[in-house]
Amino acid sequence: MSIHENLLGGPAPTHLPDDPEPRELLAAGTAPADVAAKYPTSSLAWAQLADEAFEGGRVVESYAYARTGYHRGLDALRRAGWKGHGPVPFEHEPNRGFLRALHALARAAQAIGEQAEYERCSTFLRDSSQTAADTLG
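Fair warning: this is a prediction, and the values are worked out from it, not measured in the lab. (Residues numbered from 1 in each chain as written. Predicted model: local features only at pLDDT ≥ 70, side-chain atom pairs only at ≥ 80, totals over all residues. Heavy atoms only, no water.)

A. Main features of the side chain of T14. Looking at the secondary structure, you find T14 in the segment before helix 1 (20-27). Once residues lying within four places of it in the same chain are set aside, the contact partners of T14 are L77, A80, W82, P87, V88, P89 and N95. (Helix = DSSP H or I, 4+ residues; strand = E, 2+ residues; numbered from the N terminus. Contact = heavy atoms within 4.5 Å.)

B. Focus on the environment of G81. Residue position: G81 is located in the loop between helix 4 (59-79) and helix 5 (96-111). You can call G81 partly exposed: its relative accessible area is 39%. When the C-alpha atoms of G81 and A53 are compared, they prove to be 32 Å apart, with 28 residues separating the residues in sequence. (Buried < 20%, exposed > 50% of the residue type's maximum accessible area, 1.4 Å probe, protein only.)

C. Focus on the packing of helix 3 (residues 43-55) against helix 5. Across the interface, helix 3 lies against helix 5 with an axial gap of 8 Å and an inter-helix angle of 30°. Between helix 3 and helix 5, the angle is such that the two are roughly parallel. You can see that helix 3 and helix 5 cross each other, and the crossing is left-handed. Seen from helix 3, the contacting residues are S43, L44, A47, Q48, A50, D51 and F54; seen from helix 5, they are G97, F98, R100, A101, A104, R107, A108 and A111. Tallied by class, the residues present in the contact of helix 3 with helix 5 amount to 9 nonpolar, 3 polar and 3 charged. (Axes fitted to C-alpha atoms, helices over the stretch in contact; angles between N-to-C directions. Parallel < 35°, antiparallel > 145°, perpendicular 65-115°, else oblique. Left-handed = near helix turned anticlockwise from the far one by under 90°. Nonpolar A, V, L, I, M, F, W, Y, C, P; charged D, E, K, R; others polar.)

D. How the structure looks around the pattern of salt bridges. Applying the stated criterion across every chain, the model contains 8 salt bridges. Residues R67 and E117 are paired through a salt bridge, measuring 2.3 Å at the closest nitrogen-oxygen approach. Here the residue R67 occupies a position in helix 4, and E117 occupies one in helix 6 (residues 115-128), the gap between them amounting to 50 residues. Its relative accessible area of 23% is what places R67 among the partly exposed residues. A network of salt bridges, in which partner residues are shared, links D18, R23 and E93. (Salt bridge = Lys/Arg side-chain N within 4 Å of Asp/Glu carboxyl O.)

E. Representation of the layout of surface pockets. As a volume, the largest pocket reaches approximately 430 Å³. What lines the largest pocket is a set of 19 residues, and nearest its centre among them are L16, P17, D19, S43 and P94. Counting only elements with at least two residues in the lining of the largest pocket, the list comes to helix 1, helix 3, helix 4 and helix 5. At 4 residues, helix 5 tops the list of elements feeding residues into the lining of the largest pocket. (1 Å grid on protein atoms, 1.4 Å probe; cavity = no way out; pocket = protein on both sides within 12 Å on 5 of 7 lines; lining within 4 Å. Points joined across faces, edges and corners; volume = space filled by probe spheres on them.)

F. Highlighting the nonpolar core. Ranked by internal contacts, the top residues of the largest apolar core, which has 24 residues, are Y70, L74, L77, F98, L99, L102 and F124. Secondary structure elements with two or more residues in this core: helix 4, helix 5, helix 6 and helix 7 (130-136). The greatest single-element share of this core, amounting to 8 residues, is contributed by helix 5. Each residue touching L102, except ones within four places of it in the same chain, is listed here: Y70, C121, F124 and L125. (Core = buried A, V, L, I, M, F, W, Y, C linked by side-chain atoms within 4.5 Å.)

Here it is in structure tokens:
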């Protein structure tokens, strides 16, 4: 038996490939809009744009940024073999951009009164990574 075998019978966790350049640029203080323009597939850049917009009271803008990061993340997950369900561990740093975008989408949806979308995204976040749901709030 492999040490990484899933004994519960569910899908194996999905680990996105590392793309360190956007993360390093953001950590170095590069504006998220500049990072998103250079790396438009980076969910992390879109999630950070969503966070900044939300903190600035620009909820609809936050929603749009978060939705972009969410969809970019879904594309990456599918390329990594994800079949529409199963764990997306927060502990794997390359997954965090998608999970942050999903959280930001739930938060913005709730703020604009889109309750069904808030509930769907919140459930999706918990089902993907309880650690992300606990960490991100």
